Amino acid sequence: MHERLSFHIKRDSVLHRLNPLTKLVLTLALIFLAFTFPWYWMPHLLILIAVIPLSLLGKVFREFWLTALKLILPAAGFLFLMQAFFQPIGTDVIFKFYFLDITSESLMFAFKNAMRVFVMVSAFTLFLLTTHPSELMSDLTRRGLPGQFAYVIISTLQIIPQMQAKAQTIISAQRSRGLDTESTFFKRAGSVLPLVGPLVFGSLVEVEERAIAIEARGFTSKHAKTSLHEIPDSDFDKILRWILFALIVFSIGLNLWLS
Amino acid sequence: MLHVSLFKRNIMNINIKDLRFAYPTGLEALKGINLAIDSGEQVAIVGQNGAGKTTLVRHFNGLLKPASGSVSIGDWDTTKYSVAKLASRVGYVFQNPDEQLFSRDVLTEVSFGPRNLGYEKTKVDELVKRALALTELSEKTGTNPYDLSPTWRKMVALASIIAMDTPIVIFDEPTTGQDAMNVARIANVIAVLKREGKTVITITHDIDFCAENFERVIALADGRVLLDGPAREVLGEEETLAQTYVEPPQLTRLGKKLGLKEIVTTQEEFIKAVVQD
Amino acid sequence: MAFVNLQNLAYKYPLTKTNALENINLQVREGEFVAVIGPNGAGKSTLCYALAGFVPHFFKGEISGEIEVDGRKSGESTLDEWVLNVGLAFQNPFNQISGAKYTVFEEIAFGLENIGVPRDEMKTRVEEAMSLTGISDLADRSPYSLSGGQQQRVALTSILVMRPRLLVLDEPTSQMDPIGTREVFGVVRRMAEEGMTVVMVEHKMEWIAHFADRVIALKEGQIFLEGTPGDVLTSDVLIENGFGISRYTSVAREAKKQGLWKKEKLPVTLDEAVEGFK
């Protein structure tokens with residue numbers, strides 16, 4: 001009884017109704033702006049004017065911040081500490097911890113990088129929360145992405161949790177044979193083979209059978225494919241994509257020009 | 001000898017009191033199960049896909065722990081013992097052998113369980129030898145399990161649990177995808193375990209196999225016990241069984257259609273009843 | 001002219017020494033429901049793969065003889081064309097889930113998307129197929145959250161929805177509950193009545209006897225016996241060679257020895273057994 005690995009939440013919102021490619025471009029635009037725009041407060045501003053409003057616009061505010069609290073903030077926080085301590089820049093020491101110095105420069109630097117990472121992960125999270133993966137792939141396939149390539153990406157998303165479920169079953173089977181997976185490290189090291197062996201062998205069989213199964217359902221058919229779900233792509237989408245694209249180019253250009 | 005086996009019988013009972021369980025997805029799989037299974041009983045668990053059969057038996061060796069209620073194996077409450085510990089009392093053959101086999105040869109594979117249980121080497125060798133003989137694998141000890149056909153891999157999985165010499169053995173769908181000859185082999189294994197006084201619990205969809213090899217049948221439906229009793233009584237309840245997508249055995253249905261006085265489940269019973277009629 | 005025609009078919013998988021199939025001659029007429037039985041390793045799955053085009057197109061290996069379906073030869077076709085005519089579902093349902101879809105409904109539509117069926121027609125066909133196999137209530141579930149038996153129904157539906165002319169099934173009910181199994185046999189029978197040709201590998205003798213038109217018994221890669229269920233499933237030579245038989249047949253055999261079964265012919269179905277024992 002394992003569910004899928006998908007963050008997608010089915011809701012009706014402006015963000016949900018955007019074309020998947022538009023949302024992908026939006027995500028990339030946020031990331032590029034956060035990392036390349038030559039202004040210190042850009043990532044912070046993006047959180048205020050883009051990330052938070054988008055989470056409201058997509059009606060996923062709650063889910064977004066829950067994910068953010070569990071996943072993004074700890075990661076960004078860790079990065080912040082690492083860089084604050086180990087970045088050997090600046091002379092204005094404001095805090096000493098044994099041999100480690102924290103300077104105001106390193107603090108500012110760390111803060112900015114943490115925010116950049118926060119924007120990046122947030123943008124992806126929002127994208128995943130509001131975009132159905134198979135719609136994205138159908139849309140990209142329609143625009144010329146090879147079907148096989150799209151399949152590999154999307155099935156990987158699904159197969160990871162299935163592999164985990166399978167690994168769980170294998171662990172259960174071996175524990176039922178008295179394998180003590182709960183005890184010391186050394187016993188654990190010895191218990192790797194009984195767990196990995198069936199997983200690898202099973203995967204080999206699985207790959208072959210799955211290839212047969214999808215082939216039997218016309219996967220390599222030369223007919224033009226159709227899609228069960230209608231994928232929106234309005235004029236607004238097209239205009240928005242160009243604007244975002246222009247922003248990305250502008251940001252990168254500005255960065256290169258100033259450096 | 002008799003005294004010893006009576007003593008054993010008492011301590012290896014399975015007791016399940018008001019067992020409830022739900023998966024993290026929210027699916028309520030068991031909705032209040034009460035069962036007592038005595039040492040040495042041969043029990044088949046039947047019921048429709050998704051009725052909770054596997055969820056139930058995974059509580060017997062502690063792979064799942066009750067959300068409420070209790071499961072005890074002899075004097076052990078399963079919540080207080082690890083699965084590895086419970087493995088000395090309950091052997092569990094998973095449905096798919098490919099999820100448990102990993103060794104480079106059959107002998108090592110079958111020795112894995114008894115070695116984990118910490119038996120002395122001579123005892124391990126003895127148990128392994130017996131399990132291999134019982135599953136007709138004695139000639140194949142040096143073969144890599146993955147060079148065997150799926151049918152024989154199933155037998156290796158059986159042997160690797162039987163070699164652990166646990167008082168209770170669980171089989172999850174042992175006959176699925178097996179041909180007639182292998183089903184007969186598996187039936188023989190169950191008969192031998194029965195003679196040795198072990199408790200055998202089997203999940204199965206094969207009702208004829210169930211009728212021929214088990215004394216007691218438990219029918220589950222939607223996380224509850226629908227029927228529980230001697231095979232002949234349970235398997236005769238055509239209408240109740242249909243609620244959980246199970247049909248009586250072929251010969252039971254035949255006997256009913258012929259208007260035999262008694263419910264019959266096996267060939268011997270059927271012939272006897274026809275003679276009497 | 002037979003709809004399916006196998007002529008002197010022999011096949012050997014790559015890196016193996018012995019033939020998986022040998023000297024197979026088989027003709028199936030349109031709308032016929034043929035059951036294939038045999039012990040594990042008899043070549044049943046290989047026969048399915050051969051009919052469905054995967055032998056030799058997918059597995060390679062050495063092949064001789066002719067595979068012909070609906071007047072077209074497998075050797076002169078490509079796999080992607082062949083599967084439009086011939087549908088295949090096999091035993092392990094888990095590995096048949098595409099992995100590209102998030103609901104059962106989408107999963108079943110996957111094949112229709114691939115072959116370019118228009119959206120409206122696609123929805124109608126998926127709904128029809130799901131109601132036929134009794135899984136309409138699973139439409140919005142994730143295919144991975146289902147039990148083995150339910151997944152097998154999804155796998156079968158995913159192929160039925162493609163409307164192949166020849167349906168090849170390799171133990172499609174192995175994980176299903178008893179009544180579910182009978183229902184699926186019933187669905188397959190109905191498809192055959194409607195003109196779909198069916199070749200189905202199964203072990204469940206009672207339902208083969210009840211639903212199939214003809215039985216092929218395979219042994220060591222060769223056709224060992226062939227005929228109506230009534231003839232094949234009661235044959236002494238079948239029993240002596242370790243094939244399973246239905247309980248009706250085996251009990252009547254025993255009863256015959258004791259003079260309790262008076263008829264010449266042994267029963268294979270419930271009705272025949274009732275008739276004979278009355």
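In this text the structure is predicted, and so the values were computed from the model without any measurement.

(A) Structural view of the overall build of chain A. A tally of helices and strands in chain A yields 10 helices and two strands. For chain A, the sequential pattern of α-helices and β-strands runs α-α-α-α-β-β-α-α-α-α-α-α. Taken over C-alpha atoms, the radius of gyration comes to 23 Å for chain A, far larger than the 18 Å a tight globule of 259 residues would show. Counting only C-alpha atoms, chain A reaches 60 × 60 × 35 Å along its principal axes. Per-residue burial for chain A yields a buried fraction of 45% across its 259 residues. Of the roughly 13,800 Å² that chain A leaves accessible, carbon and sulfur atoms contribute 73%. Where the 24 positive side-chain charges of chain A centre and where its 18 negative ones centre are 2 Å apart.

(B) Layout of the sheet that holds strand S1 (residues 4-12) of chain C. All names here are of chain C. The four strands lie next to each other as S2-S1-S4-S5, forming an open sheet whose pairing is antiparallel. Every other strand in the sheet has two partners, leaving strand S2 (21-28) and strand S5 (72-73) as the edge strands with one partner each. Direction of pairing for S1 relative to S2: antiparallel, over a ladder of five bridges. Within S2, the position partnered with Leu6 by the bridge is Leu26. Strand contacts of helix H1 (residues 44-51): S1, S2 and strand S4 (62-69), with the helix running at about 120° to S1, the strand carrying the most contacts.

(C) Geometry of the pattern of salt bridges. If you walk through the whole model with that rule in mind, you get 49 salt bridges over all chains. One salt bridge connects Arg130(B) with Asp165(B), and the closest N-O pair in it is separated by 3.9 Å. Of this pair, Arg130(B) sits in helix H5 (residues 121-134) while Asp165(B) sits in the loop between helix H6 (150-162) and strand S7 (168-172); the two residues are 35 residues apart in sequence, bridging distant segments of the chain. Measuring nitrogen to oxygen at the nearest pair gives 3.8 Å for the salt bridge that ties Glu269(B) to Arg232(B). Of this pair, Glu269(B) sits in helix H12 (residues 267-276) while Arg232(B) sits in helix H9 (residues 231-236); the two residues are 37 residues apart in sequence, bridging distant segments of the chain. By relative accessible area, Glu269(B) is classed as partly exposed at 23%. Exposure remark for Arg232(B): the relative accessible area of 35% places this residue in the partly exposed category. In the salt-bridge network here, residues are joined through shared partners; they are Asp139(A), Arg142(A), Arg143(A), Asp233(A) and Arg241(A).

(D) Examining H6(B) more closely. All names here are of chain B. A rise of 1.5 Å per residue sets the reference length of H6, with its 13 residues, at 18 Å; its end C-alpha atoms lie 18 Å apart and thus fit the reference within 8%. Along H6, 12 of the 13 residues are buried, which leaves the element largely enclosed by surrounding structure. Within the span of H6, buried status applies to Thr151, Trp152, Arg153, Lys154, Met155, Val156, Ala157, Leu158, Ala159, Ser160, Ile161 and Ile162.

(E) Spatial organisation of the packing of H6(B) against helix H7 (residues 180-195) of chain B. Residue and element names in this part refer to chain B. Running from amino to carboxyl end, H6 crosses H7 at an angle of 10°, the nearest separation of the two axes being 11 Å. In terms of axis orientation, H6 runs roughly parallel to H7. On H7, the residues that touch Thr151, Trp152, Met155, Leu158 and Ile162 of H6 are Asn182, Arg185, Ile186, Val189 and Leu193. Classifying every residue of the contact of H6 with H7 gives seven nonpolar, two polar and one charged.

Reading the values: rules and limits
- Residues numbered from 1 in each chain as written.
- Chains lettered and ligands numbered in written order.
- Predicted model: local features only at pLDDT ≥ 70, side-chain atom pairs only at ≥ 80, totals over all residues.
- Heavy atoms only, no water.
- Helix = DSSP H or I, 4+ residues; strand = E, 2+ residues; numbered from the N terminus.
- Rg over C-alpha atoms; globule rule 2.2 N^0.38 Å.
- Buried < 20%, exposed > 50% of the residue type's maximum accessible area, 1.4 Å probe, protein only.
- Areas by Shrake-Rupley, 256 points an atom, 1.4 Å probe, with all protein chains shown as cover.
- Lys, Arg positive; Asp, Glu negative; His and termini not counted.
- Charge placed at Lys NZ, Arg CZ, Asp CG, Glu CD.
- Pairing = 2+ DSSP bridges.
- Contact = heavy atoms within 4.5 Å.
- Axes fitted to C-alpha atoms, helices over the stretch in contact; angles between N-to-C directions.
- Salt bridge = Lys/Arg side-chain N within 4 Å of Asp/Glu carboxyl O.
- Expected span 1.5 Å × (residues − 1).
- Parallel < 35°, antiparallel > 145°, perpendicular 65-115°, else oblique.
- Nonpolar A, V, L, I, M, F, W, Y, C, P; charged D, E, K, R; others polar.

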